[in-house]
Amino acid sequence: MVNEIDVLLGLFALGCGLYCFYAFYMLKFKHEINETILLPKGGNAKECKDYKGYCREAQTPLLLLSVVVTLYGGIDLYNTFVGGIDPLFLMMMLVLLPTLIIYAVMIKKLNEKYFP
């Protein structure tokens, strides 16, 4: 029997990962800073000291987060519906936590560097 909470959490993680990919696409190709995921609450992209530099440096942590969260969501859904990959799911959980911490630290440093 499929647990509805597991499905909901898997879909949420997959959606978050895809949203991160969208933010990465906008940052890399359209040079638009997604204020929701990259800036702290109340931050304004127009206040950036070096817009192109920020876009260039923020791509790596955002891509890392996008890949890991999307994989986590996909593996979670696969494990919920098909099962049998519990060790891989647990490994992804162990990879997700440090990735979130690394992302938060890197983006915080970038925000301190490029925003007043």
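Refer to the structure above for everything that follows.
Residues numbered from 1 in each chain as written. Predicted model: local features only at pLDDT ≥ 70, side-chain atom pairs only at ≥ 80, totals over all residues. Heavy atoms only, no water.

Asker: Would you mind showing me how to read the overall build of the protein chain here?
Answerer: Looking only at helices and strands, the protein chain has 4 helices and 0 strands in total. Along the protein chain, helices and strands appear, N-terminal first, in the series α-α-α-α. Along the longest, intermediate and shortest principal axes, the C-alpha atoms of the protein chain span 55 × 25 × 20 Å. Buried positions account for 40% of the 116 residues belonging to the protein chain. Working note: accessible area of the protein chain is about 7300 Å², and carbon and sulfur atoms make up 68% of it. Taking the 10 positively charged and 10 negatively charged side chains of the protein chain as two groups, their mean positions are separated by 14 Å. (Helix = DSSP H or I, 4+ residues; strand = E, 2+ residues; numbered from the N terminus. Buried < 20%, exposed > 50% of the residue type's maximum accessible area, 1.4 Å probe, protein only. Areas by Shrake-Rupley, 256 points an atom, 1.4 Å probe, with all protein chains shown as cover. Lys, Arg positive; Asp, Glu negative; His and termini not counted. Charge placed at Lys NZ, Arg CZ, Asp CG, Glu CD.)

Asker: Help me understand the packing of helix α1 (residues 4–29) against helix α3 (residues 51–81) in this model?
Answerer: For any two helices packed against each other, the geometry comes down to the angle between their axes and how far apart the axes lie. Relative orientation of the contacting elements α1 and α3 amounts to 155 degrees, with a least axis distance of 7 Å. One element, α1, and the other, α3, form an angle in the roughly antiparallel class. As α1 runs across α3, the sense of the crossing is left-handed. For the contact of α1 with α3, a count of residues per class yields 22 nonpolar, 8 polar and 3 charged. (Axes fitted to C-alpha atoms, helices over the stretch in contact; angles between N-to-C directions. Parallel < 35°, antiparallel > 145°, perpendicular 65-115°, else oblique. Left-handed = near helix turned anticlockwise from the far one by under 90°. Nonpolar A, V, L, I, M, F, W, Y, C, P; charged D, E, K, R; others polar.)

Asker: Can you help me understand the side chain of Gln 59 in this one?
Answerer: The residue Gln 59 is located in helix α3 in this model. Accessibility expressed as a relative area gives 15% for Gln 59, which makes it buried. Residues within four places of Gln 59 in sequence aside, it is in contact with Phe 24, Leu 27 and Lys 28. (Contact = heavy atoms within 4.5 Å.)

Asker: Quick question: what am I supposed to make of the nonpolar core here?
Answerer: In a soluble, globular protein the nonpolar side chains are often hidden away together inside. One finds Ile 33, Leu 38, Tyr 54 and Leu 62 to be the most contacted residues of the largest nonpolar core, which totals 29 residues. Listed by contribution, the elements that provide at least two residues to this core are α1, α2 (35–38), α3 and α4 (86–114). Leaving out residues up to four positions away in the same chain, Leu 38 has contacts with Leu 27, Ile 33, Tyr 54, Ala 58, Leu 62, Tyr 103, Ile 107 and Asn 111. (Core = buried A, V, L, I, M, F, W, Y, C linked by side-chain atoms within 4.5 Å.)

Asker: How should I be thinking about the environment of Lys 113 in this particular structure?
Answerer: Position of Lys 113 among the secondary structure elements: in helix α4. Along the primary structure Lys 113 and Cys 48 are separated by 65 residues, whereas in three dimensions their C-alpha atoms are 9.3 Å apart.

Asker: Explain the packing of aromatic side chains here, please?
Answerer: Centre distance and the angle of the planes are the two values used to describe a pair of aromatic rings. Scanning all chains against the criterion turns up 5 aromatic pairs. Among the aromatic residues, those joined into a ring-pair cluster are Tyr 54, Tyr 114 and Phe 115. (Phe/Tyr/Trp six-rings, centres within 6.5 Å; stacked < 30°, edge-to-face > 60°.)

Asker: Where do I start with α1 in this structure?
Answerer: For α1, which comprises 26 residues, the first-to-last C-alpha distance of 37 Å matches the rise-based estimate of 38 Å (1.5 Å per residue) to within 8%. Restricting attention to buried positions, one finds in α1 the residues Val 7, Gly 10, Ala 13, Gly 17, Cys 20, Ala 23, Phe 24, Met 26 and Leu 27. Those residues of α1 that are buried are in contact with α2 and α3. (Expected span 1.5 Å × (residues − 1).)

Asker: Please clarify how α4 should be interpreted in this entry.
Answerer: Think of an α-helix as turning once every 3.6 residues; residues three or four places apart then point the same way. Taking 1.5 Å per residue, 29 residues should reach 42 Å; α4 reaches 42 Å between its end C-alpha atoms and fits that length. Three or more residues of α4 are buried, namely Phe 89, Met 92, Leu 96, Thr 99, Tyr 103, Ile 107, Leu 110, Asn 111 and Tyr 114. The elements touched by buried residues of α4 are α2 and α3.

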